[in-house]
Amino acid sequence: MSTGTAQPEIELLCDLISRPSITPDDAGCQQLLIERLSALGFECETLIFGTVTNLWARRGKASPVLCFAGHTDVVPPGDEAKWSSAPFTPTLNDGYLYGRGSADMKSGLAAMVVAIEQFLAANPDPAGSLAMLITSDEEGRAREGTLKVVETLAARDEHIDWCVLGEPSSQETLGDVVRIGRRGSLSGILTVNGIQGHVAYPQTTDNPIRRFAPILAQLHEIEWDEGNEHFPPTSFQVVDVHSGAGATNVTPAQLTARFNLRYSTEWSYDTLQERIQQIFDEHDIDYELQWHLSGEPFLTQPGKLIDAVSQAVTELSGSAPELSTGGGTSDGRFISPAGAEVVELGPVNASIHKIDERVRVDDVIKLTAMYRRIMELLLLGDS
Ligand SMILES: [Zn+2]
């Protein structure tokens, strides 16, 4: 489409939105990035795992390695009839660009690529290396995306020193919130076994709903921790309870419940699992428990990356960002454990995953300037 503007980051963003890359389909988005990055001297490697297309692009062999990271996949648009404009037709209106993925996170990608182009045009020979790590599997299962690329890099002893993720971190204005870590996420599926029977003869039955109810109440009342300097308190939520034989005169044989904990660095996967198991064991129930760990919590300590990102945001937005660990999980959980400093800086997240997802055009242009400034601060040494 014609945007009526010559801004290269907006043109690239429109090209990316036009490709309907519903997770885990990349729909040709990475090819666009490869063309731009190859022209700048990046070596681009496409790494395919299962149905997922990933890109590792690097320019230079020296350390330190500053990596921009993100994802090309988007969540499904939902009911397209409810959108003001077609979700995969980028549409400008009132200073905003509408389209699925505009905020999460194709504007981050467009801003990164154009920032790198501008930075290298002015500084063709910076210290260290520049890299991009892009996946098409962040919104989905995330098992064959960034995690696998990080494993591939580790196997050949390639390290990322600093990583800037373009996830939409901002709350109300661009750069007001920068993420320096994320809570852990642990899910469980509980099955409680009972004995089915006639509701009029309870002495011959064992009702799993009755057995589970007090445990559920207890789990919701527990104060897991008070959080700490960097993390909000750990929270437990039950998300699904399923039971019943489908008739009013039959007590069920089984109950299943799904729950999730978002947890701070006061806990690890092991200690949290143990504590919950202990609670179930205190009650007289016949149960099975399956666990799924989405990610351990991570935190980037104060250092050069946080300093550079804070300074760039402050210079270009006029105020210092809040350094936060809120929100859901992100691919930072895979990049951080290998020893990289990881920070997330991206556009306002108010419309992500919603009908009429959008991003302010001015914010994309300003975000490009922020990314460029971060490169100057980290790779030119003395600016
Ligand atoms: Zn995202």
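Everything here concerns the structure above.
Residues numbered from 1 in each chain as written. Predicted model: local features only at pLDDT ≥ 70, side-chain atom pairs only at ≥ 80, totals over all residues. Heavy atoms only, no water.

A. Quick peek at the coordination of the zinc ion. Looking at the zinc ion, one finds its protein donor set to be His 71 (NE2), Asp 104 (OD) and Glu 167 (OE), positioned 1.9 to 2.2 Å from the metal centre. Ordering the donors of the zinc ion by residue number gives the pattern H-x32-D-x62-E. Of this pair, His 71 sits in strand E3 (residues 65–71) while Asp 104 sits in helix H3 (residues 102–122), and the two are 33 residues apart along the sequence. The pair formed by His 71 and Asp 104 is uniform in burial state, with each residue classed as buried. (Donors = N, O, S within 2.8 Å, 3.2 Å for Na, K, Ca; no water. Helix = DSSP H or I, 4+ residues; strand = E, 2+ residues; numbered from the N terminus. Buried < 20%, exposed > 50% of the residue type's maximum accessible area, 1.4 Å probe, protein only.)

B. A look at the pattern of salt bridges. One pass over the structure, following the stated rule, counts 15 salt bridges. The partner of Glu 158 in a salt bridge is Arg 58, and the shortest N-O contact between them spans 3.0 Å. Note that Glu 158 is positioned in the loop between helix H4 (146–155) and strand E7 (162–165) and Arg 58 in strand E2 (residues 52–59), a separation of 100 residues in sequence. Residue Glu 158 is classed as buried on the basis of its relative accessible area, which comes to 18%. The partner of Glu 376 in a salt bridge is Arg 372, with the nearest N and O atoms 3.5 Å apart. Pair noted here: Glu 376 and Arg 372 are both in helix H9 (residues 361–379), with a separation of four residues, about one helical turn. Residue Glu 376 is classed as buried on the basis of its relative accessible area of 16%. Several salt bridges converge on common partners, so that one network encompasses Glu 45, Arg 58, Arg 156 and Glu 158. (Salt bridge = Lys/Arg side-chain N within 4 Å of Asp/Glu carboxyl O.)

C. The arrangement of the sheet that holds strand E14 (residues 254–263) in detail. Taken in spatial order, the four strands of this open sheet run E12-E14-E10-E15, and their pairing is antiparallel. Taken across any chain shown, the strands that pair with only one partner, and hence form the sheet edges, are strand E12 (235–243) and strand E15 (286–295). With strand direction ignored, the average angle separating the axes of adjacent strands in the sheet is 15°. Inspection of the sheet shows strand E10 (residues 184–193) paired to E15 by nine bridges, in the antiparallel sense. Bridged to Gly 188 within E15 is Trp 291. Sheet strands touched by helix H5 (residues 208–221): E10, E12 and E14. Its angle to E12, the strand with the most contacts, is close to 165°. (Pairing = 2+ DSSP bridges. Axes fitted to C-alpha atoms, helices over the stretch in contact; angles between N-to-C directions. Contact = heavy atoms within 4.5 Å.)

D. Fine view of the nonpolar core. Counting 56 residues, the largest nonpolar core has Leu 66, Phe 68, Ile 116, Leu 130, Met 132, Leu 345 and Tyr 371 as its most contacted members. Top contributing element to this core by residue count: H3, with eleven residues. Discounting chain neighbours no more than four positions away, the residues touching Tyr 371 are Phe 68, Gly 108, Ala 111, Met 112, Ala 115, Val 164, Gly 166, Leu 345 and Gly 346. If you look at the next biggest cluster of nonpolar residues, it comprises 22 residues, including Leu 186, Ile 215, Trp 224 and Leu 272. (Core = buried A, V, L, I, M, F, W, Y, C linked by side-chain atoms within 4.5 Å.)

E. Looking closely at the sheet that holds strand E5 (residues 96–98). As summarised here, the arrangement of the three strands in space is E4-E5-E19, forming an open sheet in which the pairing is antiparallel. For this open sheet the edge positions go to strand E4 (91–93) and strand E19 (358–360), each flanked by a neighbour on one side alone. On average, each strand axis in the sheet is inclined to that of its neighbour by 25°, with strand direction left out of account. Relative to E5, E4 is paired through three bridges, and the arrangement is antiparallel. Residue Leu 92 lies in a different strand from E5, and its bridge partner there is Leu 97. Against the sheet, H9 contacts E4, E5 and E19, and its axis sits at roughly 65° relative to E19.

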